[in-house]
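Structure assessment
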Amino acid sequence: MTSMNTDWRENSACGSSDADALFADSPHQNQAKIVCAGCPVRTECLAEALDERIEFGVWGGMTERERRGLLRRKPNVASWLSVLKAARSITVSRAG
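A few points on the structure. Predicted, not measured: the structure shown is a model, and the values here were computed from it.

Another point: the nonpolar core. Of all hydrophobic cores here, the largest spans ten residues; its members are Leu46, Ala47, Leu50, Met62, Leu70, Leu71, Val77, Trp80, Leu81 and Leu84. When residues of this core are traced back to their parent elements, those giving at least two are helix H2 (42-51), helix H3 (64-73) and helix H4 (80-95). Other than its neighbours up to four places away in sequence, Leu70 contacts Leu50, Met62 and Trp80. Listed in part, the six residues of the second largest apolar core include Cys39, Val41, Cys45 and Ala49.

The following block contains the structure:
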């Protein structure tokens, strides 16, 4: 596990859902991603999955295939949390 603060798990939307649903086969992954859509700690979850190269399941709204593609496109990222938070702040400022 990373040195990242893992307290985010306590606030996750999936904490009270069926964990098996997050490790669904391809046809059911979109249903699993719905759980992530409104999650308050989606960014932290996705960052951990990317930093730790977690291979299975939907994490932070991304499937394993989507995460692999992102990791291939950006192989030199040292901390995904900082990258994702920066991207989120740009998106929020443009929307506001």
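This is not the end of the story, as more comes after the structure.
Two measures define how a pair of helices packs: the angle their axes make with one another and the distance between the axes. H3 packs onto H2 with a crossing angle of 65 degrees between their chain directions and a minimal axis gap of 10 Å. With respect to each other, H2 and H3 are oriented roughly perpendicular. Considering how the two elements wind past one another, H2 and H3 form a crossing that is right-handed. Across the interface between the two elements, Leu46, Ala49 and Leu50 from H2 touch Arg67, Leu70 and Leu71 from H3.

Roughly 250 Å³ of volume is contained in the largest pocket. As for the largest pocket, its lining consists of 18 residues, and the residues nearest its centre are Cys14, Leu22, Cys45, Val58 and Trp59. Broken down by class, the residue content of the lining of the largest pocket amounts to twelve nonpolar, four polar and two charged.

For the rest of this paragraph, the subject is the side chain of Glu64. Structurally, the position occupied by Glu64 is in helix H3. At 3.2 Å, the side chain of Glu64 and the backbone nitrogen of Gly57 are in polar contact. Those residues in contact with Glu64 that lie beyond four places of it in its chain are Gln29, Glu55, Phe56 and Gly57.

Looking now at H2. With eight of its ten residues buried, H2 lies for the most part within the structure. Inspection of H2 places Thr43, Glu44, Cys45, Leu46, Ala47, Glu48, Ala49 and Leu50 among the buried residues, and these make up the whole buried set. Two residues or fewer after H2 comes Arg53, characterised by a positive phi angle close to 55 degrees.

There is a patch of like positive charges on the surface, built from Arg65, Arg68, Arg72, Arg73 and Lys74. Residue placement: Arg73 occurs in helix H3. Arg73 sits in the exposed class, given a relative accessible area of 59%.

Rules behind the numbers
Residues numbered from 1 in each chain as written. Predicted model: local features only at pLDDT ≥ 70, side-chain atom pairs only at ≥ 80, totals over all residues. Heavy atoms only, no water. Core = buried A, V, L, I, M, F, W, Y, C linked by side-chain atoms within 4.5 Å. Buried < 20%, exposed > 50% of the residue type's maximum accessible area, 1.4 Å probe, protein only. Helix = DSSP H or I, 4+ residues; strand = E, 2+ residues; numbered from the N terminus. Contact = heavy atoms within 4.5 Å. Axes fitted to C-alpha atoms, helices over the stretch in contact; angles between N-to-C directions. Parallel < 35°, antiparallel > 145°, perpendicular 65-115°, else oblique. Left-handed = near helix turned anticlockwise from the far one by under 90°. 1 Å grid on protein atoms, 1.4 Å probe; cavity = no way out; pocket = protein on both sides within 12 Å on 5 of 7 lines; lining within 4 Å. Points joined across faces, edges and corners; volume = space filled by probe spheres on them. Nonpolar A, V, L, I, M, F, W, Y, C, P; charged D, E, K, R; others polar. Polar contact = N/O pair within 3.5 Å; in protein donor to acceptor, adjacent residues only side chain to side chain. Patch = residues over 30% accessible without salt bridge, like charges linked within 9 Å, V, L, I, M, F, W, Y side chains within 5 Å. Areas by Shrake-Rupley, 256 points an atom, 1.4 Å probe, with all protein chains shown as cover. Salt bridge = Lys/Arg side-chain N within 4 Å of Asp/Glu carboxyl O. Lys, Arg positive; Asp, Glu negative; His and termini not counted. Charge placed at Lys NZ, Arg CZ, Asp CG, Glu CD.

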